[in-house]
Amino acid sequence: MLILSQPAAHLKPTPLPGSQRSWRPAGAALRYTSRLRKLCQPIAMRASQFLISTLKEAPSDAEVTSQKLMLRAGMIKKVAAGIYTWMPMGLRSLRKVEGIVREEMNRAGAIEVLMPAVQPAELWQESGRWAFYGAELLRFKDRHERDFVIGPTHEEVITDLARRELRSYRQLPKHFYQIQTKFRDEIRPRFGVMRGREFTMKDGYSFHANFDDLKREYQNMYATYSRIFTRLGLAFRAVAADTGSIGGTGSHEFHVIAETGEDDIAYCPDSDYAANVELAEALTPAIQRPAPAQTLVKVATPGVKTIEEVSAFLKVPASATVKSVVVEGEDGKPVLLLLRGDHELNEIKAGKLAGLKSPLTFASAESLRAAFGAEGGSLGPIGFAGRVVMDRAVAVMGDFVTGANDDDHHFTGANIGRDFPEPDVADLRNVVAGDPSPDGAGSLALCRGIEVGHIFQLRTKYSEAMGCKFLDEGGREQVMEMGCYGIGVSRILGAAIEQNYDTRGIIWPAAIAPYQVVICPVGWGKSEAVRQEAAKLYDVLVTAGLDVILDDRDERPGVMFADWELIGVPHRITIGDRGLKEGLAEYQGRRDPEATKIPVADIAAFVRSKVLA
RNA sequence: CGGGGAAUAGCUCAGCCUGGUAGAGCACUGCGUUCGGGACGCAGGGGCCGGAGGUUCGAAUCCUCUUUCCCCGACCA
C-alpha cells in the first residue's frame, strides 16, 4: 500500500550487490579485472561498499580520548557496560594487531591453539581458584545445573591439556598460545576497550622440564614482546612487576607510555631500569641522621588532622613531618608504621612485613583510641608502647613534627632514640620522582603506563595443583615448570590512540591503521576525469599490494577529509579537476600540516614509497 | 560496597520547577541550488519521554518502586 501510494519517480531499480554505479567508467575489461581483484585482494575497498559511521559528537558516557575517538570514528559500538561490537573499520585494526602478534609468536616457536571461552568449574576447583577468584569470575550454570565459568584466563584448561598430552621430557618444552575473547566482570568497566569486561587477549603458556629452560623461554618471550610492540609502532617500556594474585616469581609488564595510563611506573632515564611503582625499591638515603637540635615541644593544633593541615598550621614543609599509619598485627595488636609526611604508604611492601595481619588491615577507630588514647590525625610514636616500624626515609630525620597521641596536639622537635625507642627500619613507601634508581644509574622519574603485556614465570603453581607431570631422562616423575605470557590485543588499540592523536582524530601507527591509504576524489559524481584518474590510481595501488580505500561516496571534500582524519588513515591522496588540469594530485600524510602537490604520473610511486618508508 | 547524578529521535541535548497528547542541532529521505575543509533552501520520515505502579479529568512533567548507565570514593591518621 505504501509503495503504491508513492509516485513512480521514487521507485528506482535496486542495484545488484557489488554492481557499479552508472557513472563508473565503462569498459568490460576494467570491470572484470576490478571485480577479480576484489576477490583476490579482499583488503582493498570502495567506501560506498564499506560501512563508514562517523559521529560528530561522542556519546556522553565516553570518558577518555581513545574511547571517544574510537566511538566517533565508528570503530566500536557499545552494547553494554564494558562490552562492544567491533565495527568493520575497528575490526580491521584489531585483525592487524592480531596478525602481528600471531606472526611473532609463531616465529618465536609457540604453537597456536584455541581453547573454549566456557570452562567447567571442576578445573577451577582443582586449581583452587574457584574459591580464590572473586566476583570478577563470571559463573553460571547450564541446564543440568552444572557450574561453568566464562574464562578470564586459561591456566586451568591449558594445564589440563598439557597433563594429558605431554608425558615425556622429549616432548618438552612446548609453548601453546591462543588469541581469544576473555571475560572479566570488572567492578567498574571504563575507558572503552582499555578496561572492558569482554576483551581480546593473546595468552600463551609454556611447559618445561626444568627451571633453566623456563628462564630461557622467558627471555625469548621478553624479546618477542619487545619485537611485537616495536612493530606495532608503540612507545613502550618493560617494567619489573609484582607477581600479584596469579602467583609465581619473575614477572615483567609491558607498558605503553601514555598520560592517561592507569599504572604508575618508575623508570630511570639513564638506564633500562623500570618498575611498577608498587615494586620499585626506595633506597636508604645516603645521609646521616642529624643530631637533635630542638627540644620536644607539645603544641596545640586544634582541628588539624591531615599532613597538609599540620604543615600549613605549623609552617613546616610536609617533608619535616612524620605521619603515623596503624595496621593490625597477626596477634590483633596495633602496629605503628611511620612515614615521612610527603610520602605514601606502599601497601604491598607493608604487607610483606613479618608479623602483620594478612591482607594488610588498617586499625579501627576504636582500637586507635584504646591503644593511643587519641584519634587518627593526632597519632605518633612518642608514648606508644607497641611495635613501631619506620620507613628508611624516616630513619634519617631529626627535629620533626608528629602526632602527640592527644587529640588536637602535635609534637615539634621530635627525635628518634631521644624521644622514643629506635624502631625497626623497612622500605614502606612508594618511590617518588628524584629518588635514586635502585640500579645505581641515576635518579628515578615517574610516568603513567597502560599495561598491554605481561610475562610470568609461573613455576609449578598450576602444574603442582593439577598434577601436570612428565618422566625425565631417568624415568622419574617430575612436575613441569610453567610460564605464562599475555598481551591485551584489544587494549592495544586504545593504548595506541592514547599515544597518537590530535584535535582532528586518531593518528594510527602505520602497522595497525584500518587502511594505509585513502583516495579522496573531489567531484566524483560530476567529473569523468576525476573518476577515471581515481579509479586508475586505486587499481594501481591495489595491484601494488597496498591497503587502500577509495572514497567514492561523492561527498564534499570537507566531509571526506574530516572523516578520514578522524579515522586516522596515515596517507591521503586527493584528486580533483583543479589539480588534474595541471597534471597534479595531492598527497598528505596524517601528521603533515598541509598537502604536497605531486604529478599524477608519479603519485602511485610516491605513495608507495611513503607507505614502505 | 558507600555516596552523587542521569535515563526524552541514531548522536548531543532542551522541555520537567509552575501537569494540558513532544522540540532543537547533527544524522537520515526527496527535490532544487551549490561543489577543494564538516554547504543552503524547501518538503519529509523517525520517539508508548527506560520499565511498573500511584495521584489526577489529564503525567515526559508530581509520588513510590524497579532496571540500566555514568561519576566520585574505597591511603587515612
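Here the structure is shown first, and the text comes after it.
Residues numbered from 1 in each chain as written. Chains lettered and ligands numbered in written order. Predicted model: local features only at pLDDT ≥ 70, side-chain atom pairs only at ≥ 80, totals over all residues. Heavy atoms only, no water.

Moving on, we get to the packing of aromatic side chains. Applying the stated rule across the entire model yields 13 aromatic pairs. Seen in terms of ring centroids, tryptophan 124 and tyrosine 133 are 5.5 Å apart; in terms of plane orientation they differ by 80°. Their pairing is edge-to-face. By the burial criterion, tryptophan 124 is buried, and tyrosine 133 matches it. Through a chain of ring-to-ring contacts, three or more aromatic side chains come together here, namely Tyr222, Tyr225, Phe229, Phe236 and Phe254. Over the face of the ring belonging to tyrosine 515 we find arginine 92, whose NZ or CZ atom lies 3.7 Å from the ring centre. Its end group placed over the ring of phenylalanine 561, arginine 572 keeps NZ or CZ at 4.0 Å from the ring centre. (Phe/Tyr/Trp six-rings, centres within 6.5 Å; stacked < 30°, edge-to-face > 60°. Buried < 20%, exposed > 50% of the residue type's maximum accessible area, 1.4 Å probe, protein only. Lys NZ or Arg CZ within 6 Å of the ring centre and 35° of its normal.)

As a further point, take the pairing of strand 6 (residues 138-141). Looking at chain direction, strand 6 and strand 7 (residues 147-150) are connected through four bridges and run antiparallel. The residue of strand 7 that forms the bridge with arginine 139 is valine 149. Taken together, strand 6 and the strand that follows it, strand 7, pair antiparallel across an intervening segment of five residues, in which glutamate 145 is found at a positive phi of about 65°. (Pairing = 2+ DSSP bridges. Helix = DSSP H or I, 4+ residues; strand = E, 2+ residues; numbered from the N terminus.)

For the structure on display, the rule yields 43 salt bridges. Ionic pairing is found between glutamate 103 and arginine 231, a salt bridge with its closest N-O pair at 3.0 Å. Of this pair, glutamate 103 sits in helix 4 (residues 88-107) while arginine 231 sits in helix 8 (residues 211-231), and the two are 128 residues apart along the sequence. Through salt bridges with shared partners, a single ionic network connects Glu103, Glu104, Arg107, Arg227 and Arg231. (Salt bridge = Lys/Arg side-chain N within 4 Å of Asp/Glu carboxyl O.)

On to unusual backbone geometry. Of note, the bond from leucine 172 into proline 173 is cis; its omega dihedral lies within 30 degrees of zero at -5°. In this fold, proline 173 is placed in the loop between helix 7 (155-165) and strand 8 (174-183). Of note in the backbone geometry, glutamate 145 takes a positive phi value of approximately 65° without being a glycine. One can find glutamate 145 in the loop between strand 6 and strand 7. One non-glycine residue with positive phi stands out, namely asparagine 405, at about 55°. The residue asparagine 405 is located in the loop between strand 18 (400-403) and strand 19 (409-414) in this model. Its relative accessible area of 13% is what places asparagine 405 among the buried residues.

Ranked by size, the top nonpolar core spans 62 residues in total, and within it Tyr225, Phe229, Leu232, Trp508 and Trp564 carry the most contacts. With residues near it in sequence (within four places) discarded, tryptophan 564 still touches Ala47, Ile52, Met89, Val518, Cys520, Ile549, Asp551, Arg553 and Val569. (Core = buried A, V, L, I, M, F, W, Y, C linked by side-chain atoms within 4.5 Å. Contact = heavy atoms within 4.5 Å.)

With that out of the way, let us pick up the sheet that holds strand 16 (residues 334-340). Spatially, the four strands line up as an open sheet ordered 15-16-17-20, and their pairing is mixed. Taken across any chain shown, the strands that pair with only one partner, and hence form the sheet edges, are strand 15 (322-328) and strand 20 (424-426). Adjacent strand axes in the sheet meet at a mean angle of 30° when their direction is disregarded. Note: strand 17 (residues 387-391) against strand 20, three bridges, orientation parallel. Each residue of the ladder has a partner; that of aspartate 391, found in strand 20, is alanine 426. (Axes fitted to C-alpha atoms, helices over the stretch in contact; angles between N-to-C directions.)

The next subject is the state of the cysteines. Scanning the entire structure with this criterion turns up zero disulfides. Residue cysteine 268 stays outside any disulfide, its sulfur separated by 12 Å from that of cysteine 447, the closest cysteine. Cysteine 447 sits in the buried class, given a relative accessible area of 16%. (Disulfide = S-S within 2.5 Å.)

Below, the discussion takes up the sheet that holds strand 29 (residues 571-576). Sheet strands pair by backbone hydrogen bonding; their relative direction is either parallel or antiparallel. If you walk across this open sheet you meet the six strands as 1-28-27-29-30-31, and the pairing is mixed. Pairing within the sheet leaves two strands with one partner each, and these edge strands are strand 1 (45-46) and strand 31 (596-599). Bridge analysis of strand 27 (residues 517-522) against strand 28 (residues 548-550) gives three bridges, and the strand direction is parallel. Note that in strand 28 the partner of isoleucine 519 across the bridge is leucine 550. In this fold helix 14 (residues 528-543) packs onto strand 1, strand 27, strand 28 and strand 29, with an angle of close to 170° to the strand it touches most, strand 27.

The next thing to look at is the protein's contact with RNA strand B. In the vicinity of RNA strand B lie 46 residues, with Glu63, Arg188, Phe362, Gly377 and Glu586 positioned nearest. The protein-proximal atoms of RNA strand B, defined as those within 4 Å of the protein, are 54% sugar or phosphate. Valine 326 is positioned with one of its backbone polar atoms (N or O) 3.4 Å from a base nitrogen of RNA strand B. Measuring from a base nitrogen of RNA strand B, one finds a side-chain N or O atom of aspartate 563 at 2.8 Å. Every element with two or more residues in the surface near RNA strand B is listed here: strand 15, helix 15 (557-567), strand 29, helix 16 (577-580) and strand 30 (584-589). Counting residues per element, the surface near RNA strand B draws most heavily on helix 15, which supplies seven residues. For the surface near RNA strand B, a count of residues per class yields 16 nonpolar, 11 polar and 19 charged. (Near = heavy atom within 4 Å. Polar contact = N/O pair within 3.5 Å; in protein donor to acceptor, adjacent residues only side chain to side chain. Nonpolar A, V, L, I, M, F, W, Y, C, P; charged D, E, K, R; others polar.)

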